[in-house]
Each structure stands twice: as C-alpha cells, then as structure tokens.
Amino acid sequence: MDALTKYRQKISQNMTDASFLASSVFLRWLQNLAKGFVARTQGVAEIVRVKFIQNSNHVAFTDGDNVTLNVDPKTNPLISGLPREEAVRVLVGILTHELAHRWLTNFIFSASVYESMSKYGVLYPGPMDSGLSVVAKDITEYCKNDRERRTSLTQIQHYIFNVLEDGRIEERCLQNNFGILSNGLQTARSVQWKAMNT
C-alpha cells in the first residue's frame, strides 16, 4: 500500500471525495509537499501558500509565490469522475507543475515579452540575432498600428511560450525524480493526454 492510500484511509474514512479534496487536512499535506519541493530545489525552507478554489474554469495557476488549485471535481475536468486516489495523484501532479514554474520560469522575462508585444507590437523586448530580427521587424510592422493584430499575436505568443515552457519544466521535474511529486506529475500528464482531443 502506497503512502497516498495510507494517508487517505487514515483521515478520510467518512468524507465524500469532494469534501476530502477541499479539506484543510489535504491542503496542509499539499503545503508540506510544496515546502519540501522548495527546500530541495532552492535550498530554502520557505513556505509556499497553496490555495484551493472551486467553481472555476481554471485548473491551477501560480503567481510565483502562491499556487492555486481547483479541487472541485465538478469544474476541474482533470479530476472529474476519477477515483479519489487518482484525483489526489493528479492534484499532486498539478501542484508539482505549478511549483516547477516557481522554480524554473522567469516571470519577469515572460511579462516583458508579453508587454513588448501587447503595448508596442514588438515581438521580443531585446536584441536578437540577425535572422530572427528580420522576422521580428516584419511582425512589428504588421502589428504596430493595429491593436487587434497586437492582441491576437500576443495571445498566440503567450500560448506558444506557455506550451514550450510547460514541457521544459515538467521534463526537468521528471529528470530530478521528486518521488511522489514526480509520480503525481506522470499521472496528471497521462490523464491530460487521454483527455486531449487529437
């Protein structure tokens, strides 16, 4: 019997799945996992605030300091209909993903890229090699005086950056083998893959 199953059996005998996933006991356990992750990856005993939301169209997000998870099986498509143990693993995986952003994502860089395009129509906020600068100049000319184009391109740029960044940070986590966190990440990836309409 693995640690998750033992943990679930110990404290959740009389709780519904939704009550367990929204419980303060589960929240504290996730916060302890987050604290261990930060200690291992960044060498500091820093508390990461984990928050729960329900009735949201977001699965999870981070601002770099806090991680917010949707624990509602009715509104989080990744845990909807899953047995409790698998839903817990998926939520651990989602937490791991968001913690990896905190560890590896340069939020200042991504914000400056977003601002550069949305405000100024400039693809990248700094110098580029000559091949990319020709493309960037063409895109800048195409978007500079058209707010709708800038908005559309900013969204596309954000999605592409986020997809690439998500893959990069998840692979780093799996390469470092963070035990239960990496196992949860693998479960979350598997559930996402099965749910993807391809």
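For the structure given in this document, a descriptive report is provided here. These numbers were taken from a predicted model, which means no experiment stands behind them.

**Concerning the packing of helix H5 (residues 107–120) against helix H7 (residues 147–176)**
As a packed pair, H5 and H7 sit with axes 8 Å apart at the nearest point and diverge in direction by 160 degrees. Judged by the angle between their axes, H5 and H7 are roughly antiparallel. Crossing hand, H5 versus H7: right-handed. Contacts between H5 and H7 involve Phe109, Ser110, Val113, Tyr114, Met117, Ser118, Lys119 and Tyr120 on the former and, on the latter, Arg150, Leu153, Thr154, Gln157 and Phe161. Across the contact of H5 with H7, the residue classes break down as seven nonpolar, four polar and two charged.

**Some details on helix H4 (residues 84–104)**
Over its 21 residues, H4 extends 30 Å from the first C-alpha to the last, a length consistent with the 30 Å expected when each residue adds 1.5 Å. Of all 21 residues making up H4, 18 are buried, and the element is well covered by its neighbours.

**Concerning the pairing of strand E3 (residues 66–70)**
The two faces of the sheet receive side chains in turn, since in a regular strand these alternate between them. The element E3 is largely enclosed, with a buried count of five among its five residues. Residues Asn66, Thr68 and Asn70 of E3 are buried on one face, and the alternating residues Val67 and Leu69, pointing to the opposite face, are buried as well. Taken together, the five bridges between strand E1 (residues 49–53) and E3 define a ladder with parallel strand orientation. For Arg49, the partnering residue across the bridge sits in E3 and is Asn66. Here strand E2 (residues 60–62) pairs with E3 via three bridges, running antiparallel. Each bridged residue has a counterpart across the sheet, and for Phe61 the counterpart in E3 is Thr68. Counting the residues that bridge the hairpin from E2 to E3 gives three residues, and of these Gly64 lies at a positive phi of roughly 100 degrees.

**Digging into the side chain of Asn76**
Among the secondary structure elements, Asn76 is positioned in the loop between E3 and H4. Overall, the relative accessible area of 0% leaves Asn76 in the buried class. In terms of polar contacts, Asn76 uses its side chain to reach the backbone carbonyl oxygen of Asn70, at 2.8 Å. When residues no more than four places from it in sequence are discounted, the contact partners of Asn76 are Val59, Asn70, Leu91 and Ile94.

**Notes on the environment of Leu99**
Its location among the elements puts Leu99 in helix H4. As a C-alpha pair, Leu99 and Leu181 span 82 residues in sequence and 10.0 Å in three-dimensional space. Contact partners of Leu99, with chain neighbours within four places excluded, come to Ala34, Phe37, Val48 and Val67.

**Considerations on the sheet that holds E2**
Strand order in the open sheet formed by three strands is E1-E3-E2, and the pairing between neighbours is mixed. Here the strands that pair on one side only, and so sit at the sheet edges, are E1 and E2. For this sheet, the mean inter-axis angle between neighbouring strands, taken without regard to orientation, is 15 degrees. Strands in contact with H4 are E1, E2 and E3; relative to E3, the strand with the most contacts, it is inclined by about 150 degrees.

**A short note on the packing of aromatic side chains**
Applying the stated criterion to the full structure yields six aromatic pairs. Ring centres 6.0 Å apart and planes at 25 degrees place the aromatic pair Phe26 and Trp29 in the stacked group. Linking Phe26 with Trp29, this pair stays in helix H3 (residues 24–42), spanning three residues, or about one helical turn. Using a relative accessible area of 17% as the deciding quantity, one classes Trp29 as buried. A ring pair is formed by Phe26 and Phe52, whose centres lie 6.1 Å apart and whose planes are at 35 degrees; its orientation type is tilted. With Phe26 in helix H3 and Phe52 in strand E1, this pair connects stretches of sequence that are 26 residues apart. Here the aromatic residues Phe20, Phe26, Trp29 and Phe52 are joined through ring pairs into a cluster of three or more. The ring centre of Tyr142 lies 3.9 Å from the NZ or CZ of Arg149, which sits over that ring.

Reading guide: rules and limits
Residues numbered from 1 in each chain as written. Predicted model: local features only at pLDDT ≥ 70, side-chain atom pairs only at ≥ 80, totals over all residues. Heavy atoms only, no water. Axes fitted to C-alpha atoms, helices over the stretch in contact; angles between N-to-C directions. Helix = DSSP H or I, 4+ residues; strand = E, 2+ residues; numbered from the N terminus. Parallel < 35°, antiparallel > 145°, perpendicular 65-115°, else oblique. Left-handed = near helix turned anticlockwise from the far one by under 90°. Contact = heavy atoms within 4.5 Å. Nonpolar A, V, L, I, M, F, W, Y, C, P; charged D, E, K, R; others polar. Expected span 1.5 Å × (residues − 1). Buried < 20%, exposed > 50% of the residue type's maximum accessible area, 1.4 Å probe, protein only. Pairing = 2+ DSSP bridges. Polar contact = N/O pair within 3.5 Å; in protein donor to acceptor, adjacent residues only side chain to side chain. Phe/Tyr/Trp six-rings, centres within 6.5 Å; stacked < 30°, edge-to-face > 60°. Lys NZ or Arg CZ within 6 Å of the ring centre and 35° of its normal.

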